[in-house]
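Here's the letter readout for the chains.
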Amino acid sequence: MWRLKVAEGAGDPWVRTTNNHVGRDVWEFDPNFGSQEDRKAVEEARANFTKHRFEKKHSSDLIMRMQFAKENPCDLSKLPRVSISEGEDPSVEAVTVTLQRALKFYSTLQAHDGHWPGDLGGGLFYVPPLVSFYASLFCYYVASAFWAFLVWKASIATNEDGGWGLHIEGHSTMFCTALNYVALRLFGERLEGKESGRLEKARKWILDRGGVTAIPSMGKMWLSVLGVIDWSGNNPIPPEAWLLPYFIPMHPGRMWCHTRLVHLPMSYLYGRRFVGRITITVLELRRELLLLPYEQVDWNGARNFCAKEDLNHSHPFIQDVISTTLQKIVEPILMHWPIYILREKALNTVMQHIHYEDENTQYICINVAHKVLNMLCCWVEDPNSEAFKLHLSRILDYGWIAEDGMKMKGINGSQSWDTPFAVQSIIATNLVEDCQIMLRKAHDFIKNSQLTLWFLTFQSVALFLVQKIQDNCLGDFRFWHRHISKGGWTFSTADCRWQVSDCTAEALKVSNFSINAALLLAKLPPTMVGEPLDVDKLNDANDGGGFGSYEPKRSYAWLEILNSSESLENVVIDYPYVECNSSVIQALTAFRKAYPGLLNEVIEDSISKAANFIKKEHAFDSVILSNGNLYSSNRYGNWGVCFTYGTWFGIEGLVAAGMSYEDCSAIRKACKFLLSKQLPSGGWGESYLSCRHQRKTENSVFSFGKKSYP
């Protein structure tokens, strides 16, 4: 039976940590764990999910909840359930009892290190690269139960048309359908010979849309590694780009961190033209998924072929010209001696960058795609290397078990993002006396998750948010295109070491820096929540009027002409976002109240610029977009769904900056929008399709809201 292990890893010499593994969530298969009744309950939950998977696609983390229910029992006998008749106004006592019940239950879901573990599964393209390609190369390193649950998840995540979407709610795409088909085939599933078979339906879906050569560029790269398609069917990803002078605007070091860190190992694999073992199954996949025999495929024509289901972003003409020039002229020269010396130098430079990122993130990496690609590059460089073994020890950091199987998280969790919001919600109930243990644990987690390493000296989190301070990652971090990180918080754990502006801001809002500080936890006595953080551990940077996610914007919006992704728009550089600006305004306002004489001018200027940025970001029925910048208006949610989310953050930021309904037209327009979209139930609902359609799309299944300002 599977069980969740929290903040563990000290016994594994291949798992490095900077904070004693605080926040780490790892699922372990233990055949002796749990009783017969527990195993039966898990199997019933899995069977029930499978039976209703097309009606209810989201899991409920039942396996974790079953485990925590035994470890943290919840006795609600002294707090009976409150019943309110239709039309009856709830009393203060009824609301108080309901909140007490909710808080008591919520405390049972808190891990012993202070955070609330949970699912972060998203893209259905996270699993196949690990399952398919890594299992085919070195499956003997990982427990068979891990792979079995991954394969089971892939097999039940299909849509009714036989394909797989980018996520469980999405329409079928070539990218995910082809990769999941390949994953299942490599793990032994075979065509059943009947039209209703799972693989038969998926194969028909693929062939009806032109075959697997219609997969987007990222999929082409993975299938080239596997040997299903030829590397000449890819647009060039020259590693020599990393040798360009940094002052050139299109240097990859100027890209958004997620984009450049995936581009980095992809360029290495492309430069090496690496192909795994060509097995019988791989040869069968060529016959099953290509419309023509492998030798007859027009690979050059396949470079820009993409299924319409995946095509959200067409390559601009200039990009096609550049790619064709590289393919026809530059690559043939670089692949031959003596010019090949330049290619080798570029490949060595790329591997140095890969190793630097691995070392700084304790081999976790910034996201699951980056993790898998870096691990493969380390294996290609040396299958017996220490780097590869250190990577293997961190695979399980991305796994998550629920009744729908083993999923791969997009990042190694959302611990440092979720916990501050949980604290804010708890404090908002005004029942903190009932939650002392819960708040103390949460506060300890937040303190232990700040980016603090033994080789750093610390300034202040406020400085982290408003000015550039050097001195952070190993060595000369600027040479490796890293931004400052000390004093900040990540989205997940301190070991990840990728600072995020709004995660830092939300953590700052709930951290107590002194007994007299005005931040949320600071209003509570140390006897209740624990000792405060040191004031000198507060630090990050500001874009000068609009905060991005991880780093200041490093280049220009026109660089999007180099975006080779057919599925994702506006991902080449890091843009400023409404929610990041809102969180930072709220954090700096709270900090200013706590320390009225510290950094006054700098903080005031930063708040003013961020508030002006929010006010300017109106579009589509006067909505404050969650994506914050018109250049990134089509990106999925940035960082939530989508108009409701962005409006909520925008209003909170402007109010924190000192504006009100009476004197701010942006707040009035936003309130008018929210009121016009309220559901009959009194809540607000929204579908992920809002991002795709660029207009608010209702989803009555989900109703949510925080607070509005009438």
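Scroll up for the structure.
Residues numbered from 1 in each chain as written. Predicted model: local features only at pLDDT ≥ 70, side-chain atom pairs only at ≥ 80, totals over all residues. Heavy atoms only, no water.

The helix and strand tally for the protein chain stands at 25 helices and six strands. Expressed as a percentage of its 710 residues, the buried residues of the protein chain come to 58%. For the protein chain, the accessible surface area stands at approximately 29,300 Å², while carbon and sulfur atoms represent 56% of it. (Helix = DSSP H or I, 4+ residues; strand = E, 2+ residues; numbered from the N terminus. Buried < 20%, exposed > 50% of the residue type's maximum accessible area, 1.4 Å probe, protein only. Areas by Shrake-Rupley, 256 points an atom, 1.4 Å probe, with all protein chains shown as cover.)

A separate point is the packing of aromatic side chains. Applying the stated criterion across every chain yields a total of 17 aromatic pairs. Note on W498 and Y550: the rings are 5.9 Å apart at their centroids and 80° apart in plane angle, and the pair reads as edge-to-face. With a gap of 52 residues between them, W498 in the loop between α18 (461–466) and α19 (501–510) and Y550 in the loop between α20 (526–529) and α21 (578–594) connect regions that are remote in the sequence. Residue Y550 is classed as buried on the basis of its relative accessible area, which comes to 8%. Ring centres of Y645 and F649 lie 4.9 Å apart, and the angle between their planes is 55°; on these two criteria the pair is classed as tilted. Of this pair, Y645 and F649 both sit in helix α23 (residues 643–656), four residues apart, roughly one helical turn. A residue is classified by how much of its surface remains accessible, and Y645, at 13% relative accessible area, is buried. Judged by its relative accessible area of 1%, F649 is buried. Among the aromatic residues, those joined into a ring-pair cluster are F125, Y126 and F175. Its guanidinium or amino end placed over the ring of W205, R209 lies 4.0 Å from that ring's centre, counting from NZ or CZ. (Phe/Tyr/Trp six-rings, centres within 6.5 Å; stacked < 30°, edge-to-face > 60°. Lys NZ or Arg CZ within 6 Å of the ring centre and 35° of its normal.)

This part takes up the nonpolar core. Residues V212 and L269 are the most contacted members of the largest nonpolar core, which totals 71 residues. Contact partners of L269, with chain neighbours within four places excluded, come to M221, V225, W231, F274, L373, L376, C377 and V380. Counting 39 residues, the second-largest nonpolar core is a separate cluster that includes L559, A594, F643 and A666. (Core = buried A, V, L, I, M, F, W, Y, C linked by side-chain atoms within 4.5 Å. Contact = heavy atoms within 4.5 Å.)

Moving on, we come to the side chain of S224. Counting through the fold element by element, S224 comes out in helix α8 (residues 217–226). Here the side chain of S224 touches K220 through a polar contact of 2.7 Å, landing on its backbone oxygen. (Polar contact = N/O pair within 3.5 Å; in protein donor to acceptor, adjacent residues only side chain to side chain.)

Next up on the list: the side chain of Q450. Tracing the backbone shows Q450 in the loop between α17 (436–448) and α18. A polar atom in the side chain of Q450 sits 2.8 Å from the backbone oxygen of G487.

So, on to the pairing of strand β1 (residues 2–6). Here β1 shows a clear split, with W2, L4 and V6 buried on one side and none of R3 and K5 buried on the other. Inspection of the sheet shows β1 paired to strand β2 (residues 25–29) by five bridges, in the antiparallel sense. Looking at β2, one finds that K5 is bridged to V26. (Pairing = 2+ DSSP bridges.)

This part takes up helix α3 (residues 92–108). With 17 residues, α3 ought to run about 24 Å at 1.5 Å a step, and its terminal C-alpha atoms sit 25 Å apart, in line with that. Burial in α3 covers these residues: A94, V97, R101, L103 and T108. Close packing links the buried residues of α3 with α2 (62–71), α16 (415–428) and α17. (Expected span 1.5 Å × (residues − 1).)

Attention now goes to the pattern of salt bridges. Any two side chains of opposite charge can pair, on the condition that their charged atoms come close. Throughout the structure, instances matching the rule amount to 33 salt bridges. E28 is the partner of R3 in a salt bridge, and the nearest nitrogen-oxygen pair spans 3.3 Å. In this pair, R3 is assigned in strand β1 and E28 in strand β2, connecting sequence segments 25 residues apart. On the accessibility criterion, R3 (27% relative accessible area) is partly exposed. Relative accessible area serves as the criterion here: at 27%, E28 is assigned to the partly exposed category. (Salt bridge = Lys/Arg side-chain N within 4 Å of Asp/Glu carboxyl O.)

Orientation of α8 relative to helix α14 (residues 368–381), taken along the N-to-C sense of each, is 30°, at an axis distance of 14 Å. By the angle between their directions, the pair α8 and α14 is classed as roughly parallel. For the crossing formed where α8 meets α14, the hand is left-handed. Between α8, through M221, W222 and V225, and α14, the contact on the second element is made entirely by V372, L373 and L376. Here the contact of α8 with α14 is built from residues that sort into six nonpolar, no polar and no charged. (Axes fitted to C-alpha atoms, helices over the stretch in contact; angles between N-to-C directions. Parallel < 35°, antiparallel > 145°, perpendicular 65-115°, else oblique. Left-handed = near helix turned anticlockwise from the far one by under 90°. Nonpolar A, V, L, I, M, F, W, Y, C, P; charged D, E, K, R; others polar.)

Time to look at a nonpolar patch on the surface. On the surface, a nonpolar cluster with roughly 830 Å² of combined accessible area is contributed by L244, M250, F317, I318, V321, I322, Y556, W558 and I561. Summarising the element assignment, I561 is placed in the loop between α20 and α21. Judged by its relative accessible area of 30%, I561 falls in the partly exposed class. (Patch = residues over 30% accessible without salt bridge, like charges linked within 9 Å, V, L, I, M, F, W, Y side chains within 5 Å.)

This part is about the pairing of strand β4 (residues 405–408). Here strand β3 (residues 399–402) runs beside β4; their pairing, made up of four bridges, is antiparallel. Paired with W400 across the two strands is K407, which belongs to β4. Following β3, the chain reverses through two residues before pairing antiparallel with β4.

That is the geometry; function is a separate question.
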